[in-house]
Amino acid sequence: MSAPDELQDPLLGADFVNITCHGVRATLVVDAEGGISYAPLKPRPGSRACCACCGCGKCQAQHLQQQVRIEGSWKPHRQQAVVNAADPAHAPLVPGCKVVGAALESPNTFRVWYYTQRSRSKARSGAAAAAPAFKLRKTLPFVCSSGTEAQALVQRVRQGASWHGRGKPLRLLAIINPSSGRGKSAKLFQKQVAPVLEDAAGMTLSRMVTQHAGHASELTRQLSLAAVDMLVFVGGDGTVFEGLQGLLSRPDWDAARLLPIAHVPGGSGNGLAHSCGLQDAATAAFCICKGVVSPMDVASVLQAPAEPGGSPRRMYSMLMATYGLMSNLDVGTEHLRWMGDTRFLLGLLREIVKSRSYQASIAWLPAEEDCCSSTSAAACSSSSSSSSSSSKPPVQGAAAPPSGPPELPGSNGCAAAAAGGSSAAAAGAQQGASISLQDVPPGPDLPLLSQLGGQLPLSLPRQPRPCSQPHPCLPPHWRLQQQPLQMWALFNPPFVAADFKVNPQGRLSSGHMDMMWVQGLTGLAGRLKALEVQVKAQQGGHVSEDCVTLNKVRAMVFEPQDSSTCLMLDGEVVPAAPIYLEVHQGLIRVLINPAHRVEPAADRSRQQLA
Ligand SMILES: Nc1ncnc2c1ncn2[C@@H]1O[C@H](COP(=O)(O)OP(=O)(O)OP(=O)(O)O)[C@@H](O)[C@H]1O
């Protein structure tokens, strides 16, 4: 290719080729990010474009620009301009940040594929969404003088737009759950995502369809990390949850945790996708091409061995743990899967009408506290309720931090006895369930459990002591709540579904989870209040209600005590037994929308994907 004289200087480093678009001859330029711009070639004397313009260069430029604008509501991004921005004829047609690739239509004809932002009113999650939604567009066909030129330009667009500076395309593994949501996730992926990734971005896409519950775990446990650059889960949160269990239970979990995870929403709730700004399949396809990733917290969840002498069960949760109303509205509407996420609304209404309370014991370490730090211990002992992240006073019966001198957990009677091997008996705990650090399956370190002497009785005392006294079975600074509650949940990111911004203060990598419970909504007035709280939850306004209590948590023990509900992790039912949970900050990497409004500190380096 030889550069036309007028383009040489400003286009240093860019690729270009002479094209014809709707009868107008021009030079198409591709910049380093895959953005395209053009400059009209000098008109031949007496030549005419395909419309009634005079045929001069300026007319042809305007004509071409109009033609391209017909298909997409393109708005110029001045900061992205690669050529003389003062000259409208040289403004970029499509900036690189919007382009995802290009596809040949015939041996010497191709279109550039790009995305434009959807208006808020048309987007699925509306104003509360974590990031704008995007819609796929294609330019008019560009005709090159030869097939070789067209191929070279297509490759150049893909490389700049979606390969993140690599010489070869990204390798994606899509794990598709055909039974998620309404059962249409495979079709959705095939129609809206795969063509963008394969045909336009030129990525290498392998597909695996799950055959049964738990299959996603098996697939991620067996995959070769060297052969995949990004994992794409197509389904609901349960599918990602299963995949995560497989990744983090591998012997090489420390390498596996760095594999970027993308969630294409195909399930009912799709809380992870909504929290990351991947609110629909089209937007997810765009975000996969752009490859912006963010660290995300994950919690280790431990349960005592099911049989004597066995290993504790270790699971991982990245979205939420639920109990009471939130579990029942999910499990109780399984048969209404065909309704999509509307089933949650129905389930919620049913639970509000029932207006039930559930019994559980909850002990937790507030996010501000480090049970081995003398400074935080002093701060804790000097303030009672103020050390809680909640703006409200602790509920009746909740234990306050101890007022005595800071003390290591292992030095109190209960924990010391536990370390000696007779924890339950010494604690006076009912079940005797405990977890010993040395038996925990390999995985991320559990520093807070280590600080507890490496041994933890899971059965919490039934009778909490007065707030001013530490309970002998709880380490200093830990708090205890045992009042009946209607809903209990531990949230990590903000969304659990498109219209449920249940945890508005949630961040992907804050280092803690947000514990929320709802109490006292009984009788007719309580039910009406519950409805109001539900409406406010769509935008996150429910957290200021008096019936809602919030605490930031780094570690906790939760003991379910009610058989009429169940304990769920990321929307999946787990055995109804006590759990110990500890948060690992930024353990995994998830794909986010490049225009995410909440995670400005995200790791935006595209090189991370290489
Ligand atoms: N081939 C399959 N047949 C039946 N069930 C499957 C299959 N593959 C996976 N599953 C199970 O499907 C269940 C539901 O999947 P998933 O959670 O992704 O969808 P969802 O519940 O509709 O979405 P969300 O969790 O976002 O509300 C999971 O518990 C998973 O174990």
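Cut-offs used in this document
- Residues numbered from 1 in each chain as written.
- Predicted model: local features only at pLDDT ≥ 70, side-chain atom pairs only at ≥ 80, totals over all residues.
- Heavy atoms only, no water.
- Helix = DSSP H or I, 4+ residues; strand = E, 2+ residues; numbered from the N terminus.
- Buried < 20%, exposed > 50% of the residue type's maximum accessible area, 1.4 Å probe, protein only.
- Areas by Shrake-Rupley, 256 points an atom, 1.4 Å probe, with all protein chains shown as cover.
- Core = buried A, V, L, I, M, F, W, Y, C linked by side-chain atoms within 4.5 Å.
- Domains from an automatic or database assignment.
- Contact = heavy atoms within 4.5 Å.
- pLDDT = per-residue confidence, 0-100.
- Near = heavy atom within 4 Å.
- Polar contact = N/O pair within 3.5 Å; in protein donor to acceptor, adjacent residues only side chain to side chain.
- Nonpolar A, V, L, I, M, F, W, Y, C, P; charged D, E, K, R; others polar.
- Phe/Tyr/Trp six-rings, centres within 6.5 Å; stacked < 30°, edge-to-face > 60°.
- Axes fitted to C-alpha atoms, helices over the stretch in contact; angles between N-to-C directions.
- Left-handed = near helix turned anticlockwise from the far one by under 90°.
- Expected span 1.5 Å × (residues − 1).
- Arc of directions from axis to C-beta.
- Parallel < 35°, antiparallel > 145°, perpendicular 65-115°, else oblique.
- Salt bridge = Lys/Arg side-chain N within 4 Å of Asp/Glu carboxyl O.

Participant: I'm lost on the overall build of the protein chain in this one. Help?
Facilitator: Helix and strand counts for the protein chain stand at 15 helices and 24 strands. Among the 610 residues that make up the protein chain, the fraction classed as buried is 59%. Of the roughly 23600 Å² that the protein chain leaves accessible, carbon and sulfur atoms contribute 53%.

Participant: Would you mind going over the nonpolar core with me for this structure?
Facilitator: For soluble globular proteins, nonpolar side chains are generally found buried alongside one another. In terms of nonpolar packing, the biggest core is built from 85 residues, with Leu-172, Phe-189, Val-232, Ile-288, Met-326 and Ile-588 touching the most fellow members. Ranked by residues supplied to this core, first place goes to helix 8 (residues 281-290) with eight residues. Two domains each put at least three residues into this core: domain 1 (5-162) and domain 2 (171-300 + 593-609). Discounting chain neighbours no more than four positions away, the residues touching Ile-288 are His-164, Leu-172, Val-193, Leu-197, Met-203, Met-230, Val-232, Ala-262, Val-264 and Leu-591. In terms of nonpolar packing, the next biggest core, distinct from the first, is built from 25 residues, Val-301, Tyr-358, Trp-488 and Met-513 among them.

Participant: Would you explain the confidence of the model for the protein chain in this entry?
Facilitator: Low pLDDT means the predicted coordinates in that region are not meant to be read closely. Summarising the model, the protein chain shows a mean pLDDT of 77, and 72% of its residues fall at 70 or more. Residue range residues 47-53 is modelled with pLDDT below 50. Its contacts to residues more than four positions away, or to other chains, number twelve contacts. With pLDDT under 50 throughout, residues 66-90 is counted as low confidence; its partners more than four residues away or in other chains account for 49 contacts.

Participant: It is not clear to me how the site of the ligand should be interpreted in this structure. Could you clarify?
Facilitator: Taken together, 23 residues are adjacent to the ligand, and Gly-181, Thr-239, Glu-242, Arg-337 and Glu-572 come closest. At 3.1 Å, a side-chain N or O of Ser-179 approaches a nitrogen atom of the ligand. Measuring from an oxygen atom of the ligand, one finds a backbone N or O atom of Gly-181 at 2.7 Å. The protein chains hide 84% of the 640 Å² of surface that the ligand would expose on its own. Looking at the shell around the ligand, the element that brings in the most residues is helix 5 (residues 237-248), giving four residues. Partitioning the shell around the ligand into residue classes produces two nonpolar, 16 polar and five charged.

Participant: Sorry if this is basic, but what is going on with unusual backbone geometry here?
Facilitator: Leaving glycine aside, a negative phi is the common case for residues, and trans is the common case for peptide bonds. Although it is not a glycine, Asn-270 adopts a positive phi angle of roughly 60 degrees. Following the sequence through the fold, Asn-270 ends up in the loop between strand 11 (261-265) and helix 7 (271-276). Asn-270 gets classed as buried once you look at its relative accessible area, which sits at 7%.

Participant: Please explain the side chain of Gln-486 as it appears in this structure.
Facilitator: Within the secondary structure, Gln-486 sits in the loop between strand 18 (479-481) and strand 19 (487-491). Contacts of Gln-486, omitting those with residues within four sequence positions, involve Gly-324, Leu-325, Ser-355, Arg-356, Ser-357, Tyr-358, Val-518, Gln-519, Gly-520, Leu-521 and Thr-522.

Participant: I would appreciate a short explanation of the packing of aromatic side chains in the present structure.
Facilitator: Pairs of aromatic rings are described using the distance from one ring centre to the other and the angle between the two planes. Summed over the entire model, instances satisfying the criterion amount to six aromatic pairs. Their ring planes at 40 degrees and their centres at 5.0 Å tell us that Tyr-115 and Phe-286 sit as a pair that is tilted. One end of the pair, Tyr-115, is in strand 5 (residues 109-117); the other, Phe-286, is in helix 8, and 171 residues separate them in sequence. Across this residue pair, the class does not change: Tyr-115 and Phe-286 are buried.

Participant: What am I meant to see in the packing of helix 4 (residues 215-222) against helix 5 here?
Facilitator: The description of two packed helices rests on the angle between their axes and on the distance between the axes. Orientation of helix 4 relative to helix 5, taken along the N-to-C sense of each, is 35 degrees, at an axis distance of 7 Å. Between helix 4 and helix 5 lies a crossing whose hand is right-handed. Here His-215, Ala-216, Ser-217, Thr-220 and Arg-221 of helix 4 lie close against helix 5, whose contacting residues are Thr-239, Glu-242, Gly-243, Gln-245, Gly-246 and Leu-247.

Participant: Would you mind showing me how to read helix 15 (residues 523-537) here?
Facilitator: Structural remark: α-helix, 3.6 residues per turn; residues separated by three or four positions point the same way. Spanning 15 residues, helix 15 covers 21 Å between terminal C-alpha atoms, matching the ideal 21 Å at 1.5 Å per step. Burial in helix 15 covers these residues: Gly-526, Ala-530, Val-533, Gln-534 and Ala-537. Viewed end-on, helix 15 has its buried residues packed into an arc of 100 degrees, placing them on one side of the element. Turned more than 90 degrees away from the buried face of helix 15, the exposed residues are Leu-524, Ala-525, Leu-528 and Val-535. Buried residues along helix 15 sit against helix 10 (342-354) and strand 21 (548-560).

Participant: Please clarify how the packing of helix 3 (residues 185-200) against helix 8 should be interpreted in this entry.
Facilitator: Packing of helix 3 against helix 8 brings their axes to within 9 Å, and their N-to-C directions diverge by 25 degrees. Looking at the two axes, helix 3 sits roughly parallel to helix 8. In this structure, helix 3 crosses over helix 8, and the sense of that crossing is right-handed. On helix 8, the residues that touch Leu-188, Gln-192, Val-193, Val-196 and Leu-197 of helix 3 are Ala-281, Ala-282, Ala-285, Ile-288 and Cys-289. Within the contact of helix 3 with helix 8, the residues separate by chemical class into nine nonpolar, one polar and no charged.

Participant: Help me out: how do you make sense of the environment of Thr-204 in this one?
Facilitator: Within the secondary structure, Thr-204 sits in strand 9 (residues 204-209). Through-space distance from the C-alpha of Thr-204 to that of Arg-171 is 4.7 Å; in sequence the pair is 33 residues apart. For Thr-204, the residues in contact, after removing those within four places along its chain, are Pro-169, Leu-170, Arg-171 and Leu-172.

Participant: Help me out: how do you make sense of the pattern of salt bridges in this one?
Facilitator: When their charged atoms lie close together, side chains carrying opposite charge are able to pair. All told, the structure shown has 15 salt bridges when counted by the stated rule. Across the salt bridge formed by Arg-171 and Asp-229, the nearest N and O atoms sit 2.9 Å from each other. In this pair, Arg-171 is assigned in strand 8 (residues 171-176) and Asp-229 in the loop between helix 4 and strand 10 (230-235), connecting sequence segments 58 residues apart. One salt bridge connects Glu-532 with Lys-529, and the closest N-O pair in it is separated by 3.5 Å.

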